Amino acid sequence: MSTNRDLDVEREMHRKSRRSFLMLGISATAGFAGWTWLTTRPEVGGLPYPLRRALELNEKLAERYFKEARLAPTFPREMAREPRVNGAEGLPSAFDPLAWRLHVLGRGEPRQLTLEDIKRLPRVEMTTELKCIEGWSVIVNWAGSRLSDFAAEYHSGTGDGTPPDVRHRPRDLGRYVGLETPDGGYYVAMDMPSALHPQTLLCYEMNGEPLSIEHGAPLRLITTVKYGIKSIKRIGRITFTDERPPDFWAERGYDWYAGH
Ligand SMILES: Nc1nc2c(c(=O)[nH]1)N[C@H]1C(S)=C(S)[C@@H](COP(=O)(O)O)O[C@H]1N2
Ligand SMILES: [Mo]
């Protein structure tokens, strides 16, 4: 009987010490084991699944960028009018649209694009209201490329060097887009969700005609989610960045966001 009990105790002790040895081992190698565990998980789309899950979370966020993008009203094409020419900051008359190039800056190599490069992107037309902060608005028909398509195609690189996945991981592109005239005389900053809004276009046509010089030829921005101050004419440079770019009118006391 007592022998049996001793045996039992001995067995129990063994079990305990084996377990604590195991626990010790596990905690000592946790860092390494955790890493080994992570790197031996089945891969989903080229990534171990825990990392993939983090990305999927990102993608949910990304979808919200697009799903929550509320569209501004559009109007029948016949309602379009010629807008007044408003604001000529950064538009000196000495300018040769044929020598124009669009400079793209980001985390990777800077790029220089021609108008043909922009026109190769899907063409989008919309008849929307241009609203000036001065209190007037006008319905205009615009044609151009979505800034989101542009970003996907011509962004100069991402944080980790992989091509940007604009639809699924817009954060790849940075938090802001800065746009400037070729002479740097006018400049606007856009938050990334507004920049990637489906009604934010790089326009080369207005009311069925190539954009005139006064209205921003060869390429201007038109966005329905901001007042006219953000719809910069004659874009010379586009910068994708995590730092808030300078903004001409924000520096002069207007609301930085300028949404409406
Ligand atoms: N380069 C440049 N872009 C600009 C401006 C400007 O002064 N310079 N003014 C802005 C303002 S306040 C408005 S309302 C719209 C007017 O565009 P429109 O001249 O084509 O009507 O352009 C915007 N883009
Ligand atoms: Mo304006």
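Source: prediction; values computed, not measured.

S.K.: What is the right way to look at the sheet that holds strand β3 (residues 102-105) in this model?
M.R.: What holds strands together in a sheet is hydrogen bonding between their backbones, with the strands either parallel or antiparallel. Overall, mixed pairing links the five strands, which are arranged β4-β3-β12-β7-β8 in an open sheet. Where the open sheet ends on each side, the last strands, each with one partner, are β4 (111-113) and β8 (187-191). For this sheet the average axis-to-axis angle between neighbouring strands, irrespective of direction, equals 20°. By the bridge criterion, three bridges tie β3 to β4 in an arrangement that is antiparallel. Across the sheet, residue His103 finds its bridge partner in β4, namely Gln112.

S.K.: How should helix α5 (residues 147-154) be read in this particular structure?
M.R.: Each full turn of the α-helix corresponds to 3.6 residues, which orients residues three or four apart in the same direction. Every buried residue of α5 is listed here: Leu147, Ser148, Phe150, Ala151 and Tyr154. Here the buried residues of α5 occupy an arc of 160° about the axis, which is enough to place them on one side.

S.K.: Can you help me understand empty space enclosed by the protein in this one?
M.R.: Over the atoms, a rolling probe the size of a water molecule traces out where space has been left empty. Enumeration according to the criterion identifies one cavity of 30 Å³ or more in this entry. At the level of secondary structure, the elements contributing two or more residues to the lining of the largest cavity comprise β5 (124-131) and β11 (220-223). For the lining of the largest cavity, a count of residues per class yields four nonpolar, five polar and three charged.

S.K.: How should the side chain of Arg220 be read in this particular structure?
M.R.: Position of Arg220 relative to the elements: it lies in strand β11. For the buried Arg220, which has no salt bridge, the nearest side chain bearing the opposite charge is Glu82, at an N-O separation of 9.5 Å. A polar atom in the side chain of Arg220 sits 3.0 Å from the backbone oxygen of His215. Leaving out residues up to four positions away in the same chain, Arg220 has contacts with Trp142, Leu201, Leu202, Cys203, Leu211, His215, Ser231, Ile232, Lys233, Arg234 and Ile235.

S.K.: Is there a simple way to explain the pattern of salt bridges in this structure?
M.R.: Should their charged atoms come close, side chains of opposite charge can pair. A complete count under the given rule lists nine salt bridges for this structure. For Asp117, the salt bridge identified is with Arg120, shortest N-O distance 2.2 Å. Take Arg120: its relative accessible area is 60%, and that puts it in the exposed class. A salt bridge links Lys226 to Asp191; the nearest nitrogen and oxygen atoms lie 3.0 Å apart. Here Lys226, found in the loop between β11 and β12 (237-241), pairs with Asp191, found in strand β8; they are 35 residues apart in sequence, far enough to count as distant. Residue classification places Lys226 among the buried residues on the basis of a relative accessible area of 2%.

S.K.: Before we go on, may I ask you to explain the environment of Pro163 in this structure?
M.R.: Tracing the sequence through the fold places Pro163 in the loop between α5 and β7 (176-180). Sequence separation of Pro163 and Leu173 is 10 residues, and the distance between their C-alpha atoms is 9.6 Å. With sequence-adjacent residues up to four places away left out, Pro163 is seen in contact with Thr158 and Asp172.

S.K.: Got a minute to help me understand the packing of aromatic side chains in this structure?
M.R.: Aromatic rings in a pair are described by how distant their centres are and how their planes are angled relative to each other. This structure, assessed with the given rule, holds seven aromatic pairs. Relative to Phe248, the ring of Tyr187 lies with its centre 5.7 Å away and its plane at 75°, an arrangement referred to as edge-to-face. In this pair, Tyr187 sits in strand β8 while Phe248 sits in the segment after β12, placing the two residues 61 residues apart along the sequence. For Tyr187, a relative accessible area of 15% gives the class buried. The interplanar angle of 40° and the centroid separation of 6.5 Å between the aromatic rings of Trp256 and Tyr257 together place this pair among those described as tilted. Through a chain of ring-to-ring contacts, the aromatic side chains of Tyr186, Tyr187, Phe248, Trp249 and Tyr254 assemble into a single cluster. Cation over ring: Lys226 sits above Tyr257, and NZ or CZ is 3.2 Å from the ring centre. A cation over a ring is seen here: Arg244 above Trp256, with NZ or CZ 3.8 Å from the ring centre.

Parameters at a glance
Residues numbered from 1 in each chain as written. Chains lettered and ligands numbered in written order. Predicted model: local features only at pLDDT ≥ 70, side-chain atom pairs only at ≥ 80, totals over all residues. Heavy atoms only, no water. Pairing = 2+ DSSP bridges. Helix = DSSP H or I, 4+ residues; strand = E, 2+ residues; numbered from the N terminus. Axes fitted to C-alpha atoms, helices over the stretch in contact; angles between N-to-C directions. Buried < 20%, exposed > 50% of the residue type's maximum accessible area, 1.4 Å probe, protein only. Arc of directions from axis to C-beta. 1 Å grid on protein atoms, 1.4 Å probe; cavity = no way out; pocket = protein on both sides within 12 Å on 5 of 7 lines; lining within 4 Å. Points joined across faces, edges and corners; volume = space filled by probe spheres on them. Nonpolar A, V, L, I, M, F, W, Y, C, P; charged D, E, K, R; others polar. Lys, Arg positive; Asp, Glu negative; His and termini not counted. Salt bridge = Lys/Arg side-chain N within 4 Å of Asp/Glu carboxyl O. Polar contact = N/O pair within 3.5 Å; in protein donor to acceptor, adjacent residues only side chain to side chain. Contact = heavy atoms within 4.5 Å. Phe/Tyr/Trp six-rings, centres within 6.5 Å; stacked < 30°, edge-to-face > 60°. Lys NZ or Arg CZ within 6 Å of the ring centre and 35° of its normal.

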